[in-house]
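Now for the letters of each chain:
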Amino acid sequence: MTAARTRPSRLRRTAALRALVRETDLSADRLILPVFVQAGGGEPTPIASLPGVLRYPIDSRSLDLALDRIAEAGLGGALFFGAARSKTADGADASADDAALQTALHRASRRAPDLLRIADCCLCAFTQSGHCWLEQDGAFDLASTVDALAQVAVSLARAGADVIAPSGMVDGMVGGIRDALDRSGFEDRAVLSYAVKYASALYGPFREVADSAPNGGHRRAYQMDPANSREALREARLDEREGADWLMVKPALSSLDVIARVRRATRLPLAAYSVSGEYAMIKAAATAGWLDERSVVLELLGAIRRAGADSIITYHALDAARWLADRRAA
């Protein structure tokens with residue numbers, strides 16, 4: 001029997017060969033870590049459904065140490081989320097200059113000035129309804145919601161955010177935020193739009209850490225139907241026309257096909273958010289001994305990059321950065 005002349009396995013024989021022909025790179029500077037902050041001092045708050053994830057008090061040494069770890073790990077940046085001091089119908093605390101998120105951004109700009117500071121811009125954690133849109137007479141009010149998000153965006157830029165990340169899937173939010181930033185002298189601040197955000201069942205643990213669960217109802221009226229992919233292209237193109245500098249698809253692992261389609265449809269940078277439910281499932285399986293966490297995390301992050309994401313928001317970012325460094329040193 002004649003041996004095959006063409007053997008793809010020849011280029012898989014050693015680690016050096018595999019590394020040399022690897023088509024998709026994965027490095028720490030492609031990873032963005034979500035960071036959660038709350039008012040006050042004391043010890044960080046652990047989150048039961050997200051082992052290893054903490055909500056940091058803004059008046060504590062623990063936040064400084066967390067910022068140091070992020071900077072030292074060489075991550076691409078941090079995505080900051082703030083908890084409300086009080087929830088109101090209009091979500092006013094979201095745009096308060098002394099709120100937890102704004103204060104944390106000020107602190108981060110002093111503590112780690114070279115760290116890319118991305119700020120979540122949404123209302124769900126600050127409204128009594130727990131929804132991303134404001135309500136008027138029991139119905140979602142588009143105009144007041146866009147106006148409120150624009151105020152939040154300007155407040156975050158004043159606090160030191162490099163990138164504003166509106167996450168509510170509110171029609172016209174990117175245009176409203178872009179106009180407000182430009183009018184306020186923040187033409188240099190980028191907008192990372194959650195352009196494709198599905199109404200996913202994988203967000204549960206996040207709602208615990210951000211205290212952002214809806215107080216009745218659901219978000220399927222404004223977040224996308226997970227069955228749709230053509231609609232994702234429409235949403236991405238709309239946000240690009242409104243002035244988005246950077247687009248996002250969320251969640252990542254159940255949307256790899258969508259990431260690939262959006263990547264082909266735009267020249268803008270593309271992020272993917274590997275969400276809390278994905279992290280929690282991996283952590284639970286690893287704790288039970290059913291899989292090797294390191295191997296699975298690096299494989300899945302590589303798959304998200306392979307699908308077309310330029311950057312990945314992931315709760316595994318610090319661990320992954322360490323594992324990638326160990327792999328290079330080996």
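The numbering scheme is per chain: residues are counted from 1 as the chain's sequence reads. Totals for whole chains, interfaces and linings use all residues, but because this is a predicted model, local features are given only for residues with pLDDT of at least 70 and pairs of side-chain atoms are given and counted only at 80 or more. Hydrogens are left out, water is left out, and the side-chain values use all remaining heavy atoms of the structure.

A. Spotlight on the nonpolar core. In plain words, nonpolar cores are sets of buried Ala, Val, Leu, Ile, Met, Phe, Trp, Tyr and Cys residues tied together by side-chain atoms within 4.5 Å. The buried label applies to any residue whose accessible area, calculated with a 1.4 Å probe on protein chains only, is under 20% of its type's maximum; exposed applies above 50%, and partly exposed to all values in between. In terms of nonpolar packing, the biggest core is built from 85 residues, with Leu 156, Leu 181, Val 196 and Ile 259 touching the most fellow members. Helix numbering and strand numbering both begin at the N terminus, where a helix is a DSSP run of H or I of at least 4 residues and a strand a DSSP run of E of at least 2. Examining the composition of this core, we find that 10 residues originate from one element, helix H4 (residues 142-159), more than from any other. Leave out the neighbours within four places in its chain, and Leu 181 touches Ala 153, Val 154, Ala 157, Ile 164, Phe 186, Glu 187, Arg 189 and Val 191. In this structure, Tyr 203, Ala 271, Tyr 273 and Ile 313 belong to the second largest nonpolar core, which totals 26 residues. Contacts between residues were defined by any pair of non-hydrogen atoms, one from each residue, lying within 4.5 Å.

B. Geometry of the pairing of strand E1 (residues 31-38). Where burial is concerned, most of E1 is hidden: 8 out of the 8 residues are buried. What makes two strands pair is DSSP finding at least two bridges between them. Pairing geometry for E1 and strand E12 (residues 311-314), over 2 bridges, is parallel. Bridging across to E12, Ile 32 finds its partner in Ile 313. Here E1 runs beside strand E4 (residues 77-82); their pairing, made up of 6 bridges, is parallel. Counterpart to Val 37 in the pairing with E4 is Gly 82. Summarising the sheet, E1 and strand E3 (residues 54-57) pair through 3 bridges and their orientation is parallel. Counterpart to Gln 38 in the pairing with E3 is Pro 57.

C. Quick peek at the packing of aromatic side chains. To pair, rings of Phe, Tyr and Trp, with the six-membered ring standing in for Trp, must have centres within 6.5 Å; the planes then decide the type, stacked if under 30 degrees apart, edge-to-face if over 60, and tilted in the middle. Using the criterion set out here, one finds 8 aromatic pairs in the structure. Measuring from centroid to centroid gives 5.7 Å for Trp 133 and Phe 140, while their planes differ by 50°, and the two rings are tilted. Given the relative accessible area of 33%, Phe 140 is considered partly exposed. Between Tyr 279 and Tyr 315 the ring centres are 5.6 Å apart and the planes differ by 55°, which places this aromatic pair in the tilted class.

D. Up close: empty space enclosed by the protein. The pocket and cavity definitions rest on a 1 Å grid over protein atoms only: a 1.4 Å probe that fits but cannot leave marks a cavity, an open set with protein on both sides within 12 Å along at least five of seven lines marks a pocket, and residues lining either have an atom within 4 Å of a point. Grid points are joined across faces, edges and corners, and a volume is the space filled by probe spheres set on the points. Overall, the coordinates contain 2 cavities of 30 Å³ or more when judged by the stated rule. Empty space within the largest cavity amounts to approximately 220 Å³. In terms of lining, the largest cavity is formed by 22 residues, of which the most central are Phe 81, Asp 120, Cys 124, Ser 167 and Phe 206. Counting residues per element, the ones that place at least two in the lining of the largest cavity are E4, strand E9 (190-197) and helix H6 (204-210). No other element matches the 3 residues that H6 contributes to the lining of the largest cavity.

E. Region of the structure containing the state of the cysteines. Our working definition of a disulfide is a cysteine sulfur pair at a distance within 2.5 Å. Using the criterion set out here, one finds 0 disulfides in the structure. Lacking any disulfide linkage, Cys 121 is separated from the closest cysteine sulfur, that of Cys 122, by 7.5 Å. With a relative accessible area of 1%, Cys 121 lands in the buried category. Cysteine Cys 132 is unpaired, with the sulfur of Cys 122 as its nearest cysteine sulfur at 3.7 Å. In this structure Cys 132 comes out as buried when scored by relative accessible area, which is 1%.

F. Main features of the layout of surface pockets. As a volume, the second largest pocket reaches approximately 300 Å³. Considering the residues around the second largest pocket, the lining is formed by 18 residues, among which Leu 33, Gly 52, Val 53, Tyr 56 and Leu 318 are closest to the centre. The set of elements that each furnish at least two residues to the lining of the second largest pocket consists of E1, E3, helix H2 (61-73), helix H9 (276-287) and helix H11 (317-329). Top contributing element to the lining of the second largest pocket by residue count: E1, with 4 residues. In this count, Pro and Cys sit with the nonpolar residues alongside Ala, Val, Leu, Ile, Met, Phe, Trp and Tyr, while Asp, Glu, Lys and Arg are called charged and the others, Gly among them, polar. Residues belonging to the lining of the second largest pocket are distributed by class as follows: 13 nonpolar, 2 polar and 3 charged.

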